[in-house]
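One letter stands for each residue in the lines below.
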Amino acid sequence: MRITELLKKESIELGVKVSGKEEAIDKLIGLMAAGGRLNDKAGYKEGILAREALGSTAVGEGIAIPHAKVAAVKEPGLAAMVVPDGVDYEAFDGSLANLIFMIAAPEGEADVHLEALSRLSTLLMDPDFKNDLIHAESKEEFLQLIDDKESERYEKKVRKEEKIAEDAAPKVQEPLKSAAGYRVLAVTACPTGIAHTFMAAENLEQLGKKLGIPVKSETNGAEGAANVLTKEEIAAADGIIIAADKNVDMARFDGKHVVKASVSDGIQKGEELIKKAVSGEAPVYHHTGAAASEEDGESEGIGHTIYKHLMNGVSHMLPFVIGGGLLIALAFLFDDYSINPANFGKNTPIAAYLKTIGEQAFGMMLPVLAGYIAMSIADRPGLAVGFVGGMVAKMGATFINPAGGDVNSGFLGALLAGFIGGYIVVLLKKVFKKLPKSLEGIKPVLLYPLLGIFLVAVATTFINPFVGAINDGLTHFLNGMGGTSKVILGAVVGGMMSVDMGGPVNKAAYVFGTAQLAEGNFDIMAAVMAGGMVPPIAIALCSTFFKKKFTEKERQSGLVNYIMGLSFISEGAIPFAASDPLRVIPSCIIGSAVAGGLSMALNCTLRAPHGGIFVLPTIGNPFGYLAAVVIGSVVGCVILAALKKNKAGEE
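Calculation criteria
Residues numbered from 1 in each chain as written. Predicted model: local features only at pLDDT ≥ 70, side-chain atom pairs only at ≥ 80, totals over all residues. Heavy atoms only, no water. Buried < 20%, exposed > 50% of the residue type's maximum accessible area, 1.4 Å probe, protein only. Helix = DSSP H or I, 4+ residues; strand = E, 2+ residues; numbered from the N terminus. Pairing = 2+ DSSP bridges. Contact = heavy atoms within 4.5 Å. Salt bridge = Lys/Arg side-chain N within 4 Å of Asp/Glu carboxyl O. Expected span 1.5 Å × (residues − 1). Bend = angle between axes of the 7 residues up to and from the residue. Patch = residues over 30% accessible without salt bridge, like charges linked within 9 Å, V, L, I, M, F, W, Y side chains within 5 Å. Areas by Shrake-Rupley, 256 points an atom, 1.4 Å probe, with all protein chains shown as cover. Core = buried A, V, L, I, M, F, W, Y, C linked by side-chain atoms within 4.5 Å.

K.L.:
An account of the pairing of strand 6 (residues 97-106) is needed here, citing residue identities and associated values.
P.N.:
Judged by how many residues are buried, strand 6 sits mostly within the fold: 10 of 10 residues are covered. The sheet contact formed by strand 4 (residues 67-70) and strand 6 spans four bridges and is parallel. Within the sheet, the bridge partner assigned to Lys69 lies in strand 6 and is Ala105. Both strand 5 (residues 77-87) and strand 6 contribute to a ladder of seven bridges, which runs antiparallel. Within the sheet, the bridge partner assigned to Leu78 lies in strand 6 and is Ile103.

K.L.:
Could you give an account of the environment of Val629, with specific residues and numbers?
P.N.:
Here Val629 shows up in helix 25 (residues 622-643). We classify Val629 as buried; its relative accessible area is 5%. Placed 92 residues apart in sequence, Val629 and Ile537 show a C-alpha to C-alpha distance of 9.0 Å. With residues up to four places along the chain from it excluded, the contact list for Val629 reads Ala530, Met533, Val534, Ile537 and Ala595.

K.L.:
For the pattern of salt bridges, give the residues involved together with the corresponding values.
P.N.:
Taken as a whole and assessed by the stated rule, the structure comprises 13 salt bridges. Here Glu233 and Lys216 are joined by a salt bridge, their closest N and O atoms 2.8 Å apart. With Glu233 in helix 9 (residues 231-236) and Lys216 in strand 8 (residues 215-221), this residue pair connects regions lying 17 residues apart in the sequence. Residue classification places Lys216 among the buried positions, given a relative accessible area of 8%. Asp523 is the partner of Lys486 in a salt bridge, and the nearest nitrogen-oxygen pair spans 2.9 Å. Here Lys486 is found in helix 19 (residues 483-496), whereas its partner Asp523 is found in helix 21 (residues 522-545), with 37 residues between them in sequence.

K.L.:
Hey, could you go over helix 22 (residues 552-566) for me, with residue numbers and the actual values?
P.N.:
Along its 15 residues, helix 22 runs 23 Å from first to last C-alpha, staying within 8% of the 21 Å computed at 1.5 Å per residue. A bend of about 30° at Val560 is the largest found in helix 22. A positive backbone phi angle near 60° is found at Phe568, which sits one or two residues after helix 22.

K.L.:
For the side chain of Asn203, give the residues involved together with the corresponding values.
P.N.:
Looking at where Asn203 falls in the secondary structure, it is placed in helix 8 (residues 196-211). Accessibility expressed as a relative area gives 12% for Asn203, which makes it buried. With residues near it in sequence (within four places) discarded, Asn203 still touches Met125, Gly266, Ile267 and Gly270.

K.L.:
Give me the lowdown on a nonpolar patch on the surface, citing residues and values where you can.
P.N.:
On the surface, Phe399, Leu439, Ile442, Val445, Leu446, Leu450, Leu451, Phe454, Leu455, Val458, Phe462 and Phe466 cluster together into a nonpolar patch covering about 1,100 Å² of accessible area. Relative to the assigned elements, Phe462 resides in helix 18 (residues 442-479).

K.L.:
Which residues make up unusual backbone geometry, and what values do they have?
P.N.:
Of note, the phi angle at Asp379 is positive, near 70°, even though the residue is not glycine. In this structure, Asp379 sits in the loop between helix 15 (365-378) and helix 16 (381-395). Given a relative accessible area of 38%, Asp379 falls into the partly exposed group. In this model, Asn621 sits at a positive phi of 60°, which is unusual for a non-glycine residue. Judged by relative accessible area, Asn621 falls into the partly exposed class, the value being 33%.

K.L.:
Go over the environment of Val263, please, and point to the residues and values.
P.N.:
Mapped onto the elements, Val263 comes out in helix 10 (residues 263-268). Between the C-alpha atom of Val263 and that of Ala189, which follows or precedes it by 74 residues, the distance is 6.4 Å. The residues contacting Val263, other than those within four sequence positions of it, are Ala189, Cys190, His196, Thr197, Ala200, Ala243, Ala244 and Asp245.

K.L.:
Give me the lowdown on the nonpolar core, citing residues and values where you can.
P.N.:
One finds Val314, Met317, Leu369, Phe411, Met529 and Tyr625 to be the most contacted residues of the largest nonpolar core, which totals 73 residues. Here this core takes 15 residues from helix 21, the largest share from any one element. Leaving out residues up to four positions away in the same chain, Phe411 has contacts with Met317, Met365, Leu366, Leu369, Val511, Thr514, Ala515 and Glu519. Listed in part, the 28 residues of the second largest apolar core include Leu6, Ile63, Ala80 and Ala200.

Just distances and angles here, no functional claims.
Pasting the structure below:
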């Protein structure tokens, strides 16, 4: 199947102007529907957004390839859009997307079309071809350019295969390394296995030619592994690159120098990865048969490994906290305080229903946190063990009172239970490693859950009193803080949200805020969210009112930051911080600290750890909170304007 068979004229639009990523996606979905490729536009959009949630499909250098393989697709197809002025598609390199191809792949059908889609991904790595498409004057010219390029590539492939066939006989007699011909082997894989997988593979192979280092890439695409690495090639290679955002078969690389990176790094940092792979400095991989997360820890620092496991738990916990917290907040919004102040939140039927459901969802946060921390450490066998550990922590069980209720183990107890449970399962795996193969089947269904759950329950019950004492002490300390002390605390956690905007410091402040939700300290969460909203808004304000400080492209990107800031997405400020950290980061930290301190001073409260401006009606003292965010953003904007130099005329 050729690319032009997947792309109809009705699904192409040139010279488009869109204000942001969401509008671009909607327009492309409309083009896809115009080509008759979809059964259900809403279902297809859901698939596209789900893929974007895993990471932006912008690959940098002005290209984005959103894609989804879902049942809402009637037949495989493409939609294409040229945006001459560019649109912020959250690219890794901060570039605006001028050329966007959207891919629709049907679920559960033959994958013959995926070969054409992989060809498209690799063709777009040619900058001249990309530039020709952007400047095409008609849809017919656009399609002809693709057809000509694809035909040219096919002819080259045929010539290459003929040349290989001619040279095959003499090469058999050469030493193994010469026969294999590859110094570096790569495996590329993205979560959906459609676009980024093939672009990373092509980029690594092309850069290898440029560097004089032969590279072969195996693609773990939607249709399975292609261009599979052989045992002989692996044995002869100097190094291996794993550019993947999902698990790949690692056992075959035992004893080899392995460089691990994201699939985006395979596209953006290919030269760096290849040089590291042949340098001999990459860590030697040793396969243990353990979970992928365990093995990764061998080549990572202890701190990063712990952080990764913690974030896995937190990311799975947040939907329960957000959904449950918002329902509880809405219950207070729909209730009547005058009916019974002591029962506020459940006085009216609708409020009682919302609060009951919200409490159930919110109450699952601790088991989910512990369960997914344990799963990150020990893979699937750790999930049940971690869940039970989190439940025991939530109960506050002790050996004196197994039913719980005596101590408040809370968030910290669940966090420790997750790590303890995960490493208990890792230990059990090692203990039972020498069991006969005939007993392999009973380990995951009997031995791990039985012994793991019992041991984590005992361990968590033992630590609950100690953790409870720490929690009680911290709660008394926070409740005993005077006005000035609380303002300082709000300023500190608010400022931390801008230190690395999504990195470890930001996450530390955010996790502290969510942990305090469970303890009823809703003012801390309000200060955290206020601090996190400031960086994008401050940059957006500065790019609007101090235009000479920014290039035209930066001003266009700045407009999107209004939406991101109001939505509590601090990461919108990252491209600006990365390009000018010494001016942007301090300005944002000060603005966020001001917002966090004011939020605390004005007694603002927040029961859900997300939502930004969209949950304003559920915030305690909403007008004070709005004032805190606005003042903090203005402060950050003014400081940034004072620090930055004019960029008039720069592009």
